[in-house]
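Observations on the model geometry
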Amino acid sequence: MAGVLHNVNQRTQMVGQNRLEMLLFRLSGKQVYGINVFKVKEVLPCPRLTSMPKSKAVVRGVSHIRGGTTPILDLGMAIGGAPLDKIDEAFVIVTEYNGRTQGFLVNSVDRIVNMNWEDILPPPKGSGHAHYLTAVTRLDEKLVEIIDVEKILAEVSPVNEDIGEGIITDEARQAAVNLKVLICDDSRIARKQIERCVQQIGIETVTLEDGKQAWDHLQEMLQDGRNPLDEYALLISDIEMPEMDGYTLTTRIREHDTLKTMHIILHTSLSGVFNQNMVKKVGANDFQAKFHPDELAQKVIDQIISRGGTVPALEE
C-alpha cells in the first residue's frame, strides 16, 4: 500500500502510445474496479469528514485536504450499492475531473497496472444505459470494471449545458448550415453533452463510442469514395477511450495523406494533470477541458466560420 500511495503523483506524468496506467481498488465486495492514474491526485486514508447539510446521501462529507475543502463521495453508493460502513478503515482517492476536485471513498486500494488501451473494451452489449461503466478489461483472470465517473458527477452535481447568450451569432448559424461534426467519447453522458452543445449551434452530429470506431468509420467513408473532410467540419474526441485512445486516433489521422488536415479538438476531463505538450506532439488543433459549453461552442464556431471564409449576414 505504501508503494501505491508514494507513486501515484509520479505516475500521473506518464503518457504512452495507446497505453494507460490504472489504479485498482475495491468497494464493498470482491469486484475489482479501475481508474486512470491521470485522474488521480493522491490516495490517502480516509480523513476526518464533516457532514454537509442538505447534501445528497452519496456525499458522505467534506474534508480539508491540502488547504482546500474537498467533497468525499461514497463510490459504492454512487453506483447503486451499499454504503461503506467502516469509514475509519477506508481510503479516499482524490481526483480531478472537469476542473473540479473530489474524493471517492473506497474500501481498499490494490496496485497500479500498466495496460494497453486495446485490451480495454466497451461494456458488454445489452447492458443498457442504467449501468455506470465506460469499459471493462480482464487482469489475472478477473474482470476489472472501469466506472463512468462523469455520469456519477453529472447526477451528483449537474453542470449547466446551455450555451450563453450572444455566443451563437447569426454568422455562426449561417456557417453551420449543412455542416456535420464527428463526436467520439466513451461516456454516454459526455457524448450527450457535446452533442447538445454542437446541435444548439445548428450543426448535425455523428456520435461514436471510442477511437477505433471513429477510425474505422473514417476508413469506411474513404473506401466508399467519400472524403470525410467534405462531410465533417471537425472532430471532437475524448482522450481516454477503450481500444484506441484520442492520442492514437489523432496520430493516425495526421499520418494519413487524405485525412491529415482534419480539424481536431481533444475534449478531456484530464484538466488537472493534462499534458498540453502531448496534445501538440500528436498534432491536435486544440484541446478543451470538460465540460464548458460556452468555451466548446466558441471553438466550434471559430472553426466553422474559418472553414467557410466570410459568411454573408442573414437576410432580415
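Residues numbered from 1 in each chain as written. Predicted model: local features only at pLDDT ≥ 70, side-chain atom pairs only at ≥ 80, totals over all residues. Heavy atoms only, no water.

1. Concerning the overall build of the chain
In terms of helices and strands, the chain carries 10 helices and 15 strands. Counting all 316 residues of the chain, 50% fall into the buried class. Considering only intrachain contacts with a sequence separation of at least 6, the fraction spanning at least 24 residues in the chain is 65%. Roughly 15,100 Å² of accessible area belongs to the chain as shown, and the carbon and sulfur atoms make up 46% of that amount. (Helix = DSSP H or I, 4+ residues; strand = E, 2+ residues; numbered from the N terminus. Buried < 20%, exposed > 50% of the residue type's maximum accessible area, 1.4 Å probe, protein only. Contact = heavy atoms within 4.5 Å. Areas by Shrake-Rupley, 256 points an atom, 1.4 Å probe, with all protein chains shown as cover.)

2. Topic: the packing of helix H6 (residues 211-223) against helix H8 (residues 246-255)
Between H6 and H8, whose axes approach to 9 Å, the crossing angle comes to 20°. Classified by the interaxial angle, the pair formed by H6 and H8 is roughly parallel. Seen along the crossing, H6 lies across H8 with a hand that is right-handed. Within the contact between the two elements, H6 uses Gly211, Ala214, Trp215 and Leu218 and H8 uses Leu249, Arg252 and Ile253. (Axes fitted to C-alpha atoms, helices over the stretch in contact; angles between N-to-C directions. Parallel < 35°, antiparallel > 145°, perpendicular 65-115°, else oblique. Left-handed = near helix turned anticlockwise from the far one by under 90°.)

3. Things to note about the sheet that holds strand S13 (residues 232-237)
With respect to topology, 5 strands assemble into an open sheet ordered S12-S11-S13-S14-S15, the strand pairing being parallel. Edge positions in the open sheet fall to strand S12 (204-208) and strand S15 (286-289), since each of these has one partner strand only. Pairs of neighbouring strands in the sheet enclose a mean axial angle of 20°, with direction left out of account. Both strand S11 (residues 180-184) and S13 contribute to a ladder of 5 bridges, which runs parallel. Paired with Ile183 across the strands is Ile236, a residue of S13. Against the sheet, H6 contacts S11, S12 and S13, and its axis sits at roughly 145° relative to S11. (Pairing = 2+ DSSP bridges.)

4. Concerning the sheet that holds strand S8 (residues 108-116)
Here 5 strands make up an open sheet; going across it, the order is S8-S1-S2-S10-S9 and the pairing mixed. Each end of this open sheet is capped by a strand with a single partner; those strands are S8 and strand S9 (133-139). Strand-to-strand twist of the sheet, defined as the mean angle between neighbouring strand axes without regard to direction, takes the value 35°. Both S9 and strand S10 (residues 142-147) contribute to a ladder of 6 bridges, which runs antiparallel. Among the inter-strand pairings, Leu133 is bridged to a residue of S10, identified as Ile147.

5. Here we look at the confidence of the model for the chain
Averaged over the chain, the pLDDT score is 86; the fraction of residues at 70 or greater is 87%. Here residues 5-16 is modelled with pLDDT under 50, and outside its nearest four sequence neighbours on either side it reaches 26 contacts, counting other chains as well. Within the model, the stretch residues 309-316 combines pLDDT values under 50 with 7 contacts to residues more than four positions away or in other chains. (pLDDT = per-residue confidence, 0-100.)

6. Looking at H8
Listed as buried for H8 are Gly246, Tyr247, Thr248, Leu249, Thr250 and Ile253. Its side-chain oxygen 3.3 Å from the backbone nitrogen of Tyr247, Asp245 forms the N-cap of H8. (Polar contact = N/O pair within 3.5 Å; in protein donor to acceptor, adjacent residues only side chain to side chain.)

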